[in-house]
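Architecture at a glance
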Amino acid sequence: MPARAVGDGAAVNPLRAGLSSDRITDPCSAVFFGASGDLFKRMLLPAIYSMRLSGTLPADFALVGFARTNYDDDGFREYCRQQLDLFMPDDQKPQGALWDDFSRRITYLTADFTDTRHFTALKERLAQNDEQFGTAGNHLFYLATPPPVFPEIIKQLKKAGLDKDAQGWTRVVVEKPFGTDLDSARTLQRAIESVFPESEIYRIDHYLGKEPVQDIIALRFANTIFEPIWNRNYVANIQITSAESLGVEERGGYYDHAGALRDMIQNHVINLLALVAMEAPIGSSADDIRNEKYKVLSAIQLPSHGEVFGMSARGQYGEGTIDGRAVKGYRQEQDVAPDSNTETFAAAKLHIENWRWGGVPFYLRSGKRLPRKVSEIAVTFKPIPHRFYGESTDQIEPNVLVIKIEPDEGISMRFEAKVPGPKEHIRSVYMDFSYGSGFGVQSPPAYERLIGDAMQGDQTLFTRWDAVERAWEIVTPILEVWQNTKDFSFPNYAAGSQGPEGAFKLFPGWRRL
Amino acid sequence: MTLDLTPVLDELNERYREHGSDMKVATMTLVVFFENPAIGELARDRIHTLASKHPSRVIVLDGAQDEPLHRVEADDWIELGVKNSSAETLRSAITALRLSEAPLVLLWIASGITSDPRFAMLSEHVQTVVYNSSLLDTGHDALCELVEYVEHHPRLPLADIAYLRLAPWQESVAILFDGKDVEELFDLRRVEITCGSEPEAFYLLGWLASRLEWTPSSVNSLLNRFGKRVEFEIRREGEPRRISCIALSSSRSRFVAEVDQSAETIQLSVTGSSHHPQRYRAINNPGIAALLERAILWGQNDRVFYDSLNAAGEILARGKV
């Protein structure tokens, strides 16, 4: 994986030469905008504290919460302690000298995102941190607010002179979704790039921090056996699935304006496609990898509006049964319009017009209230060219390599074998490698990895603007057609079923969920 | 004396027939040798932990047991009594029982490596040798033996658990000199290490000496690259194999990394002209299983380790003069 950025001591401290360390060497202050929100308490704060416990967080570190909810420093520290008590495992609860030290490095600003005075106060607080905690002018701004607030925060950072620091680095982490369509993404990008250069922008998609997603690169480029057959000569099709058994839960208000195409396909699923289809990078730097991702995305053929119905399928779940439990339909969910036209299932067939993949269909699907939670990439190889073996009744299946991302991270290979006995029966067998039982460990949470990478200045697992823009370009024709045509068949699949019929018309060979 | 492996091989074949359809993953063949039964019990326990994370064939060579102890205890766990077995017998047993494709790792938990032909024979045939110079608590004898052995076998793919245990301390000491305080490293005048056993202390001192180009000048001092004296003191105090404090003094400042009362954190303090706010780091003392993992994944190619070992050897040799 990528080379680490050089931190404070690595360049000059002879004790660091050759020392294997996971610690992030740059001191820094991390500012969390939206620190009273759900994302911060459930994901970001536990990730930061876990880094503290494991020793990866810089020794000189400070955390500033910045949000509308009213807290003083002590109140926010207590809030953090309570949330860590709730969300950290039993053996990692906040206590002892480490918590005391961590806690005194936490401060909070009750703030209005539109008020420049509050950003001026933030600047003063960061200067205090530099003085008190040795954070050396390095500032990580994490935008964990609702996306509409992003441009205002960026503007205010500039107005307060927080866009750069004379001594240290400034980096801004932007949570997904990056825009709600191509135009809004471009508008947001203009707002951000008018203040920060691309090298300081970290567009986070926590999916990319998951270990199995990173394993795709290892599988492809740390082995020689796959690459020679990873092309149109041997591959019949590639299916990328991101299915959930959950419904929209409490996110009905958001989801009804988003839908599966925006929520999953535009970011997670297209990112997986890029990783599985890209050419081998020339090196391990962030841009080496991101160049290849962009290249392959830019080779995807964009559908015209007239082609959309022939290369896509949409669905919306109705009432049904999952895990033996009756569940309500999408239109009965909280904060969802009773006549909603929002898709909770999206499928698309894409083609990559390049030498490697010409003619190979890539089938993408994502949906809610499907029978089970599954994220996987299935590479189906072409059938044998000539059959001379096996009993006539035997079905000889093509080989399938499945990269399983969730829930059972691993790799599975289907191949054909002879059934022992005097007859020449052939049947499919499966060779499974599970990261869980293979290495006997749980993968570290994605946010820990990604926050650490942002602190180290490693952008590999963050999406570059050209790829974000291209992903929006890919889904835009579909979005536009779907938005402008009401689907009167909705709801068109029962919760707990395999998805809408239209998906199977698009591609009868979907793997069963 | 020879080892009849037929029952073991039969048992392995039987197990494969029974469980062959359960596809499994193997990362290595781990060979463990010990002579002390109590240490053997401890080792078995830790190896189980390691093997649950890195699925392995484990071959336990029990140097305390008479032959013909040999059994297959669990799916891929083989025990052999090898008290009277020759080096060649052990080599042939390992050749017969190892997984052919997976790397071979030797964990040697016994003293006397310089004069033990079994160690010499086995270590020649493995990809990684893991040793623990502080397990037997023999002062610094085991470390001296290791230095001598490596001197004659410089290509030995070696990792020492005692050295790997230092990682949080190396990191803590490095933190003390990150940034502007780096210059103080070249003005250090005194090093004090408090530790429950000697190998860790000498490794830490050897690491500093190798990084900062210090050379031994007397039984308790070194010379820095400018020819200035750096005194050192090693205090044996506290739990074996645990460092409790390292203090480094320059002409202007004192840098201390010290275990706090909870024994869970290292407190970093700097006093004098380089004053710095106090910092804390989790010790995260890794267990033996985690150290073994580290040894297997990273240990044997670590140039800094070999430099530290050589420097520690030179310091110890000066002490003998």
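It should be emphasised that the depicted structure is a prediction, and the values quoted were computed from it without experimental measurement.

**Examining the side chain of Arg16(A)**
Relative to the helices and strands, Arg16(A) resides in the segment before strand 1 (28-33). Here Asp178(B) takes part through its side chain, which lies 2.9 Å from a polar atom of the side chain of Arg16(A).

**Observations regarding the domain arrangement of chain B**
Split into domains, chain B comes out as domain 1 (6-126) and domain 2 (167-284 + 302-320). Look at where the C-alpha atoms of domain 1 of chain B and domain 2 of chain B centre, and you get two points 38 Å apart.

**Remarks on helix 4 (residues 116-133) of chain A**
All names here are of chain A. Compared with the 26 Å implied by 1.5 Å per residue over 18 residues, the 25 Å span of helix 4 between its first and last C-alpha is a close match. Every buried residue of helix 4 is accounted for by Phe119, Leu122, Arg125, Leu126, Asn129, Asp130 and Phe133. Looking down the long axis of helix 4, one finds its buried residues gathered within 145° of arc, a one-sided arrangement. Exposed residues lying more than 90 degrees from the buried face of helix 4 are Arg117 and Glu131. Where helix 4 ends, the next residue or the one after it, glycine 134, has phi of about 65°, a positive value.

**What to know about the interface of chain B and chain A**
Facing the 34 residues of chain B at the interface are 33 residues of chain A. Taken as a group, Glu171(B), Asp178(B) and Tyr280(B) account for 19% of the area that chain B buries against chain A, more than any other trio of residues on that side. Remark: the boundary between chain B and chain A carries three salt bridges. A salt bridge links Asp178(B) to Arg16(A); the nearest nitrogen and oxygen atoms lie 2.9 Å apart. On the surface where chain B and chain A come into contact, there are 10 residue pairs in polar contact (both at pLDDT 80 or more). The leading source of residues in the side of chain B that touches chain A is strand 15 (residues 276-282) of chain B, at seven residues. Grouping the amino acids of the side of chain B that touches chain A by side-chain chemistry returns 17 nonpolar, eight polar and nine charged.

**Looking at the pairing of strand 12 (residues 243-250) of chain B**
Across a regular strand the side chains alternate sides, sitting on one face of the sheet and then on the other. Residue and element names in this part refer to chain B. Counting buried positions over the eight residues of strand 12 gives seven, a clear majority of the element. Pairing of strand 8 (residues 188-195) with strand 12, which is carried by seven bridges, proceeds in the antiparallel orientation. Opposite threonine 194, over in strand 12, you have cysteine 245 as the bridge partner. For strand 12 and strand 13 (residues 253-259), the ladder comprises five bridges, and the chain directions are antiparallel. Among the inter-strand pairings, serine 249 is bridged to a residue of strand 13, identified as arginine 254. Counted along the chain from strand 12 to the antiparallel partner strand 13, the turn is two residues long.

**Topic: the packing of aromatic side chains**
The description of an aromatic ring pair uses the distance of the two centres, along with the angle that the planes make with each other. Residue and element names in this part refer to chain B. Considering all chains together, one arrives at 36 aromatic pairs over all chains under this definition. Ring geometry for tryptophan 108 against phenylalanine 119: centres 5.1 Å apart, planes inclined by 70°, an arrangement best described as edge-to-face. Linking tryptophan 108 in strand 5 (residues 104-109) with phenylalanine 119 in helix 4 (residues 117-124), this pair joins segments that are 11 residues apart in sequence. We note that tryptophan 108, like phenylalanine 119, is buried. With a centroid separation of 5.9 Å and 45° between ring planes, the pair formed by tyrosine 203 and phenylalanine 305 is classed as tilted.

**Topic: helix 1 (residues 38-54) of chain A**
Residues and elements named next belong to chain A. Under the 1.5 Å per step criterion, the end-to-end length of helix 1 is 24 Å for 17 residues, consistent within 8% with the ideal 24 Å. Turning to helix 1, its buried residues number three or more, namely Phe40, Leu44, Leu45, Pro46, Ala47, Ile48, Tyr49, Ser50, Met51, Arg52 and Leu53. Positive backbone phi, approximately 85°, marks glycine 55, located one or two places after helix 1.

**What to know about the sheet that holds strand 6 (residues 201-203) of chain A**
All names here are of chain A. Taking strand neighbours across the sheet as the criterion, the six strands line up as 3-2-1-4-5-6 in an open arrangement whose pairing is parallel. Single-partner strands in this sheet number two, and they are strand 3 (106-110) and strand 6. Averaged over all neighbouring strand pairs, the angle between strand axes comes to 20°, with direction disregarded. Looking at chain direction, strand 1 and strand 4 (residues 139-143) are connected through five bridges and run parallel. By the bridge assignment, phenylalanine 32 is partnered in strand 4 with tyrosine 142. On top of the sheet, helix 3 (residues 96-104) reaches strand 2 (61-67) and strand 3; it is set at about 35° to strand 3, its chief contact.

**Remarks on the packing of helix 7 (residues 167-176) of chain B against helix 8 (residues 198-212) of chain B**
For any two helices packed against each other, the geometry is given by the interaxial angle and the distance between the axes. All names here are of chain B. Following both chains from N to C, one finds helix 7 and helix 8 inclined at 40°, their axes separated by 11 Å at the closest point. Taken as axis vectors, helix 7 and helix 8 run oblique relative to one another. Classified by chirality, the crossing of helix 8 by helix 7 is right-handed. Taken together, the residues of helix 8 that come into contact with helix 7 (itself represented by Trp169, Gln170 and Val173) are Leu204, Trp207 and Leu208. Of the residues assigned to the contact of helix 7 with helix 8, the class counts are five nonpolar, one polar and no charged.

**A look at empty space enclosed by the protein**
Residue and element names in this part refer to chain A. The final tally for this structure, using the stated rule, is seven cavities of 30 Å³ or more. Residue lining of the largest cavity: 18 residues in total, with Gln266, Asn267, Asn271, Thr463 and Val468 positioned closest to the centre. Secondary-structure elements contributing two or more residues to the lining of the largest cavity are helix 9 (260-277) and helix 14 (465-484). By residue class, the composition of the lining of the largest cavity is 10 nonpolar, four polar and four charged.

**Considerations on the sheet that holds strand 7 (residues 235-243) of chain A**
Residues and elements named next belong to chain A. Across the sheet, eight strands lie side by side as 8-12-13-7-14-15-16-17; this open sheet has mixed pairing. A strand with exactly one partner marks an edge of an open sheet, and here the two such strands are strand 8 (312-315) and strand 17 (426-434). On average, each strand axis in the sheet is tilted by 15° relative to the strand beside it, whichever way the strands run. With nine bridges joining them, strand 16 (residues 410-418) and strand 17 adopt antiparallel strand pairing. Opposite isoleucine 411, over in strand 17, you have phenylalanine 433 as the bridge partner. The strands that helix 7 (residues 211-221) touches are strand 14 (374-381), strand 15 (400-406) and strand 16; relative to strand 15, the one it contacts most, it runs at about 150°. Relative to the sheet, helix 9 contacts strand 7, strand 12 (345-351), strand 13 (361-367), strand 14 and strand 15, its axis offset from that of strand 13 by approximately 145°.

**A look at the packing of helix 9 of chain A against helix 10 (residues 286-298) of chain A**
Residue and element names in this part refer to chain A. Interhelical geometry of helix 9 versus helix 10 gives an angle of 105° and a closest axis separation of 9 Å. Taken together, the axes of helix 9 and helix 10 are roughly perpendicular relative to one another. Each of Ile270, Asn271, Leu273, Ala274, Leu275 and Ala277 in helix 9 lies in contact with helix 10, whose residues at this interface are Lys293, Val296 and Leu297. Looking at the contact of helix 9 with helix 10 residue by residue, the class counts come to seven nonpolar, one polar and one charged.

**Description of the pairing of strand 15 of chain B**
All names here are of chain B. Among the seven residues in strand 15, five count as buried, and that is most of the element. Direction of pairing for strand 14 (residues 265-272) relative to strand 15: antiparallel, over a ladder of five bridges. Counted as the bridge partner of valine 270 is histidine 276 from strand 15.

**Digging into unusual backbone geometry**
Residues and elements named next belong to chain A. Cis geometry is adopted by the peptide bond preceding proline 177, which originates at lysine 176 and carries an omega value of 5°. Structurally, the position occupied by proline 177 is in the loop between strand 5 (170-174) and helix 6 (182-193). Along the chain, phenylalanine 490 connects to proline 491 via a cis peptide bond; the corresponding omega equals -10°. Residue placement: proline 491 occurs in the loop between helix 14 and strand 18 (493-494). The phi torsion at arginine 369 lies on the positive side, around 55°, for a residue other than glycine. Relative to the assigned elements, arginine 369 resides in the loop between strand 13 and strand 14.

Calculation rules
Residues numbered from 1 in each chain as written. Chains lettered and ligands numbered in written order. Predicted model: local features only at pLDDT ≥ 70, side-chain atom pairs only at ≥ 80, totals over all residues. Heavy atoms only, no water. Helix = DSSP H or I, 4+ residues; strand = E, 2+ residues; numbered from the N terminus. Polar contact = N/O pair within 3.5 Å; in protein donor to acceptor, adjacent residues only side chain to side chain. Domains from an automatic or database assignment. Expected span 1.5 Å × (residues − 1). Buried < 20%, exposed > 50% of the residue type's maximum accessible area, 1.4 Å probe, protein only. Arc of directions from axis to C-beta. Contact = heavy atoms within 4.5 Å. Buried area = accessible area lost by both parts, 1.4 Å probe. Salt bridge = Lys/Arg side-chain N within 4 Å of Asp/Glu carboxyl O. Nonpolar A, V, L, I, M, F, W, Y, C, P; charged D, E, K, R; others polar. Pairing = 2+ DSSP bridges. Phe/Tyr/Trp six-rings, centres within 6.5 Å; stacked < 30°, edge-to-face > 60°. Axes fitted to C-alpha atoms, helices over the stretch in contact; angles between N-to-C directions. Parallel < 35°, antiparallel > 145°, perpendicular 65-115°, else oblique. Left-handed = near helix turned anticlockwise from the far one by under 90°. 1 Å grid on protein atoms, 1.4 Å probe; cavity = no way out; pocket = protein on both sides within 12 Å on 5 of 7 lines; lining within 4 Å. Points joined across faces, edges and corners; volume = space filled by probe spheres on them.

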